[in-house]
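Observations on the three-dimensional arrangement
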Amino acid sequence: MESQIRTIHQQLINKEITCTQLVQERLELLKLNTHVTVNSLLEASALESATKVDAKIKSGQEIGLLEGIPFGIKDVYMLQGTYTSASSDLLKNYKSSYTATAIQKLLDAGAIPLVKENCDSFGHGSSSENTIFGAVKNAVNPTLVGGGSSGGSAVNVSKDYTVFSIGGDTGGSIRQPAGYNNVYGFKPTYGRISRFGLMAYASSTDCVGPITKSIEDARIVLNTISGKDLKDQTTYHSEKILEEAILNSDAIKTVGYFKNFLESDAIDTQIKSDFLASIEKIKSKGIQVKALDFFELDTLVSTYYTLAMAETASNLSRLDGTNYGNRIEGENLKETYSITRSENFSEETKRRIVGGNQVLSQGFSDEIYLKGLSLRDQIAENFKKDFMEVDVILSPVTPNLPPAIGDSLKDPLAMYLSDAYTVGFSLGQLPTLTMPKGTETGLQITAAKNNDELVFKFANFLKDII
Ligand code: GLN
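Notes on the structure in this doc start here. Model, not experiment: these values are computed from the prediction.

Considering the packing of helix α2 (residues 19-32) against helix α3 (residues 43-58)
For any two helices packed against each other, one specifies the crossing angle of their axes together with the interaxial distance. Running from amino to carboxyl end, α2 crosses α3 at an angle of 160°, the nearest separation of the two axes being 8 Å. As the angle between them shows, α2 and α3 are arranged roughly antiparallel. Judged by the sense of rotation from one axis to the other, the crossing of α2 with α3 is right-handed. For the pair α2 and α3, the contacting residues are C19, T20, V23, Q24, L27 and K31 in the first and E43, A46, L47, A50, T51, V53 and D54 in the second. Residues belonging to the contact of α2 with α3 are distributed by class as follows: 7 nonpolar, 3 polar and 3 charged.

Next up, the structure:
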């Protein structure tokens, strides 16, 4: 199967390239890049690791598949000793004192981190414009946004600046930028990968996941970083997804899609007709296709944003300049908190903190927050019923093409609505993959909880027929 990781691994062991050359070349590309994907470069440590890999190869020792493979990290993951800014003023000088579990597993496998990548601040956004480092520019058309919130990561992979990147997905932040930049992006079942060391946005839907150029690379990285972690009690043990297991897609007999996603006025006509053409191709292979009913797009978006804002308001309350971040002294402690937070959080982040505190406050929480929780449960129930009827669900990733840089900032509500196709699967905690095929912004494949393998099987089948 096509795999950048395997190709580079072969080149390294055949001594066609050295790891130092490889790392130097990618660092150079990152430095010169005009897509604004870099928050900080990890040049010295990357070159040091590369030297060690070269020495190992030279002395005839075996190297693992990920050993020496350069990768990127969305700037919301802890990596000890590196700046972890969350693209915010508050944390722009903050250095991690420990390493996230998923990143540690990659380090243990010998992969080499090159860069902390630009993203929407604290994951708040769908365009990677909500960042102190400047808007990320789309890999295909730099006048358009890179997507968000893991925009820098998707662009780096798309442009081959990194072989793969680790993004974070709360409501679509891996899948949407993957779709905007023509790469694969996988959000696993919630809990498959430890969130320890990922800065919390909305803890009930936050997921760690890979962004890659091939299904095989996504599978390799996913297997490496999955697993139970005592430091994250929501994690569980999962079996590795084997290469052989995804070669055969006979298990997939019925595919569903949501009627209302296509009937919405919001969908771009080309995305709609391309999606329907993909459905026809699937039918022509003898697979049954079923149209399914689903919640209104407005309901999905408002449920997601109610819960996400509530959780982020709560998670970010620890950032008051006392233990972390840029503290601005006021007349007294209360004022210090207030100035520190007012000056150092972005407008978008403040909008979410205020919104979140509002829905959690006395007099509102029953009516809004508890209603959100109840809707989330209904959405999850609905998925359970759907997966009794169909094996996988196919959907577009986004209703529209990537906006021009600057446009989303003018209309936050329109930006929230652009997440309509991704947030439902987050609320359901389901495994979902963006593949860069079928429509201009890709296709999303979703399976039932813990059925991540089925998603890969179907993707592998679909990539050859579309
Ligand atoms: N765009 C969505 C939001 O702003 C999703 C972000 C994410 O997944 N981190 O909440």
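Once the structure has been displayed, the description carries forward.
Here's the deal with the pattern of salt bridges
Across all of its chains, the model carries 24 salt bridges by this definition. For the salt bridge of R351 with E348, the shortest nitrogen-to-oxygen distance reads 2.8 Å. Taken as a pair, R351 and E348 lie in helix α12 (residues 347-360) at a separation of 3 residues, close to a single helical turn. One connected set of salt bridges, linked through shared partners, spans R6, E216, R219 and E243.

Considerations on the packing of aromatic side chains
Within the structure shown, the criterion is met by 18 aromatic pairs. The interplanar angle of 65° and the centroid separation of 6.1 Å between the aromatic rings of F261 and F294 together place this pair among those described as edge-to-face. With F261 in helix α8 (residues 259-263) and F294 in the loop between β8 (288-292) and α10 (297-315), this pair connects stretches of sequence that are 33 residues apart. Relative accessible area serves as the criterion here: at 1%, F261 is assigned to the buried category. Members of the aromatic cluster, each reached through a chain of ring pairs, are F258, F261, F294, F295, F383, Y421 and F425. It is K95 that lies over the ring of Y83; its NZ or CZ is 4.9 Å from the centre.

Let's talk about the site of the ligand
Taken together, 15 residues sit near the ligand, with T170, G171, S173, Y201 and Y304 positioned nearest. The separation between a nitrogen atom of the ligand and a polar main-chain atom of G123 is 3.1 Å. Side-chain polar atom of Y305 to an oxygen atom of the ligand: 3.3 Å apart, as the coordinates give it. Of the residues that constitute the shell around the ligand, the class distribution is 3 nonpolar, 9 polar and 3 charged.

Comments concerning the layout of surface pockets
Taken as a whole, the largest pocket encloses approximately 420 Å³ of empty space. What lines the largest pocket is a set of 23 residues, among which P399, N400, A414, L417 and S418 lie closest to the centre. Elements supplying a minimum of two residues to the lining of the largest pocket: α8, α10, α14 (407-410) and α15 (412-417). Among the elements that take part in the lining of the largest pocket, α15 stands out by supplying 3 residues, more than any other. Lining the second largest pocket are 18 residues, and of these Y98, L198, M199, A200 and R318 sit closest to its centre. For the lining of the second largest pocket, the residue count by class is 12 nonpolar, 3 polar and 3 charged.

Conventions and cut-offs
- Residues numbered from 1 in each chain as written.
- Predicted model: local features only at pLDDT ≥ 70, side-chain atom pairs only at ≥ 80, totals over all residues.
- Heavy atoms only, no water.
- Axes fitted to C-alpha atoms, helices over the stretch in contact; angles between N-to-C directions.
- Helix = DSSP H or I, 4+ residues; strand = E, 2+ residues; numbered from the N terminus.
- Parallel < 35°, antiparallel > 145°, perpendicular 65-115°, else oblique.
- Left-handed = near helix turned anticlockwise from the far one by under 90°.
- Contact = heavy atoms within 4.5 Å.
- Nonpolar A, V, L, I, M, F, W, Y, C, P; charged D, E, K, R; others polar.
- Salt bridge = Lys/Arg side-chain N within 4 Å of Asp/Glu carboxyl O.
- Phe/Tyr/Trp six-rings, centres within 6.5 Å; stacked < 30°, edge-to-face > 60°.
- Buried < 20%, exposed > 50% of the residue type's maximum accessible area, 1.4 Å probe, protein only.
- Lys NZ or Arg CZ within 6 Å of the ring centre and 35° of its normal.
- Near = heavy atom within 4 Å.
- Polar contact = N/O pair within 3.5 Å; in protein donor to acceptor, adjacent residues only side chain to side chain.
- 1 Å grid on protein atoms, 1.4 Å probe; cavity = no way out; pocket = protein on both sides within 12 Å on 5 of 7 lines; lining within 4 Å.
- Points joined across faces, edges and corners; volume = space filled by probe spheres on them.

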